[in-house]
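Single-letter residue listing:
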Amino acid sequence: SLSLQHKALLLYQKLITLHLNDARPDALIDADLQRIQFVKDKSTHPEKDRLYFNAINTIANKYGNDPAGSQAWYLIAAYHNAKADEYKPFADTTHRFARLKAKEICERVLQQKDSSEGKINCFNLLNQLNSRSFQFSVEKVNIPDQPFRSFVKYRNINTLYLRVIKPGEALKKQLENQYDEKYWPALVAVKAEKSWEQKLPDTKDLQQHSTEIKLDGLPSGEYILLASDNKDFSGKKTILGARFFYVSGISYVSSSNDYFILNRDKGLPLSKALVQVWEQRYDYTQSKYIKEKGKSYTTDVNGFFRMEKRKREPNNYTSYSYLFDITHNSDR
């Protein structure tokens, strides 16, 4: 008798009793659906998902295409959409195509002439189901003149359009603020070193999938891989993505302040490599990171150098991070 959940159920039962003889079933359906969702949220029954689905399915089928029952159809579509989230490629694929059921239900509800809560919810869910997205990543540094890979996650996209561009110093300065409205137009305006399109598997399941795609080898340098779902890289609904990366045969390993500059492919030491150290600190007065030029070093025959880090002054709690600008012959 002290259970608040029990008191809530009694209130729902009174609401349902109050509306049993209404001329229109709208209020009755609304109260009953809220009761069912409340029970599902509070239940510890091991089969509550199945019981919940059977309950809302009963209401949906009882009221057919009546706008008053559209919310029940929406809840069924949302149920299938939630089940689709359980899909695991190469593992549990039981609900892989569940979003197709949700899409079919939403499209059927949207054919109703009268507006309703369920119809609005189905419209929003359908937009979510049909939404397109992709994201991708590239190794920060890749070996010169050798093919490399990009890892792509995508949803509802069959073709990806790609460009490789070389950023100059002026462009890199302009791109420091990714949230500037001129950021993407500036990237798209750069002449591409290479451009191509990449077909992606058409899975027809409205799920997110992932794959690796091949990128042809490039000479040493700094690059940006620009990708879009639109061939022209323009339009209000166009999706754009960009990744900065290097192509270089230089790598390094370290232990404390000891560093070895090595060939990235074969691991051999790089002698007479020039290492310019940049010290980076956060300036609280300007609310941004400041880079200051530090010492420079030249590696010995073993590709070795020892870095002298800045000593912290008493009562100075500024922390520094360090960036290396490494050059070896024509590679940087």
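Nothing here was measured: the structure is a model prediction, and the numbers come from that model.

About the criteria used
- Residues numbered from 1 in each chain as written.
- Predicted model: local features only at pLDDT ≥ 70, side-chain atom pairs only at ≥ 80, totals over all residues.
- Heavy atoms only, no water.
- Pairing = 2+ DSSP bridges.
- Helix = DSSP H or I, 4+ residues; strand = E, 2+ residues; numbered from the N terminus.
- Axes fitted to C-alpha atoms, helices over the stretch in contact; angles between N-to-C directions.
- Parallel < 35°, antiparallel > 145°, perpendicular 65-115°, else oblique.
- Left-handed = near helix turned anticlockwise from the far one by under 90°.
- Contact = heavy atoms within 4.5 Å.
- Nonpolar A, V, L, I, M, F, W, Y, C, P; charged D, E, K, R; others polar.
- Expected span 1.5 Å × (residues − 1).
- Buried < 20%, exposed > 50% of the residue type's maximum accessible area, 1.4 Å probe, protein only.
- Arc of directions from axis to C-beta.
- Salt bridge = Lys/Arg side-chain N within 4 Å of Asp/Glu carboxyl O.

Student: I'm lost on the sheet that holds strand 12 (residues 288–298) in this one. Help?
Tutor: Picture the strands of a sheet paired through backbone hydrogen bonds; they go either parallel or antiparallel. Pairing within the open sheet is antiparallel, and its three strands lie in the order 12-11-14. Looking at the sheet topology across the chains shown, the edges are occupied by strand 12 and strand 14 (320–327). Within this sheet the neighbouring strands show an average axis-to-axis angle of 25°, counted without direction. Where strand 11 (residues 274–283) lies against strand 14, eight bridges are found, and the strand directions are antiparallel. Paired with V277 across the two strands is F324, which belongs to strand 14.

Student: So what exactly am I meant to see when it comes to the packing of helix 4 (residues 70–84) against helix 6 (residues 117–130) here?
Tutor: Two quantities define a packed helix pair, namely the angle between the helix axes and the distance between the axes. Where helix 4 contacts helix 6, the two axes come as close as 7 Å, and the packing angle between them is 25°. With respect to their mutual orientation, helix 4 and helix 6 come out roughly parallel. When the axes of helix 4 and helix 6 are compared, the crossing they make is left-handed. Along the contact surface, helix 4 presents S70, Q71, Y74, A77, A78 and N81, while helix 6 presents E117, G118, K119, N121, C122, L125, Q128 and L129. In terms of residue class, the contact of helix 4 with helix 6 is built from six nonpolar, six polar and two charged.

Student: Help me out: how do you make sense of helix 6 in this one?
Tutor: Owing to its 3.6 residues per turn, the α-helix aligns residues three or four sequence positions apart on the same side. Helix length check: helix 6, at 14 residues, gives a terminal C-alpha distance of 20 Å against a target of 20 Å (1.5 Å per residue), a fit within 8%. Every buried residue belonging to helix 6 is among G118, K119, C122, L125, L126 and L129, and all of these are buried. Considered in projection along helix 6, the buried side chains sweep an arc of 125° and stay on one side of the axis. For helix 6, the elements touching its buried residues are helix 4, helix 5 (98–109) and strand 3 (148–155).

Student: For this particular structure, what's the right way to read helix 5?
Tutor: The end-to-end C-alpha distance of helix 5 is 17 Å, a good match for the 16 Å that 12 residues give at a rise of 1.5 Å each. Every buried residue belonging to helix 5 is among A98, R99, A102, I105, C106 and V109, and all of these are buried. The buried residues of helix 5 occupy one face: seen down the axis, they fall within an arc of 120°. Those residues of helix 5 that are buried are in contact with helix 4, helix 6 and strand 3.

Student: Would you mind showing me how to read the pattern of salt bridges here?
Tutor: Between side chains of opposite charge, pairing is possible as soon as their charged atoms come close. Under the counting rule described, the total for this entry stands at 20 salt bridges. Across the salt bridge formed by R149 and E212, the nearest N and O atoms sit 3.3 Å from each other. Highlighted residues: R149 in strand 3 and E212 in strand 6 (residues 208–215), separated in sequence by 63 residues. The exposed category is assigned to R149, whose relative accessible area is 55%. When the shortest N-O distance is used, the salt bridge between K204 and D202 registers 2.9 Å. D202 sits in the partly exposed class, given a relative accessible area of 41%. Taken together, the salt bridges that share partners define one network made up of R24, D26 and D66.

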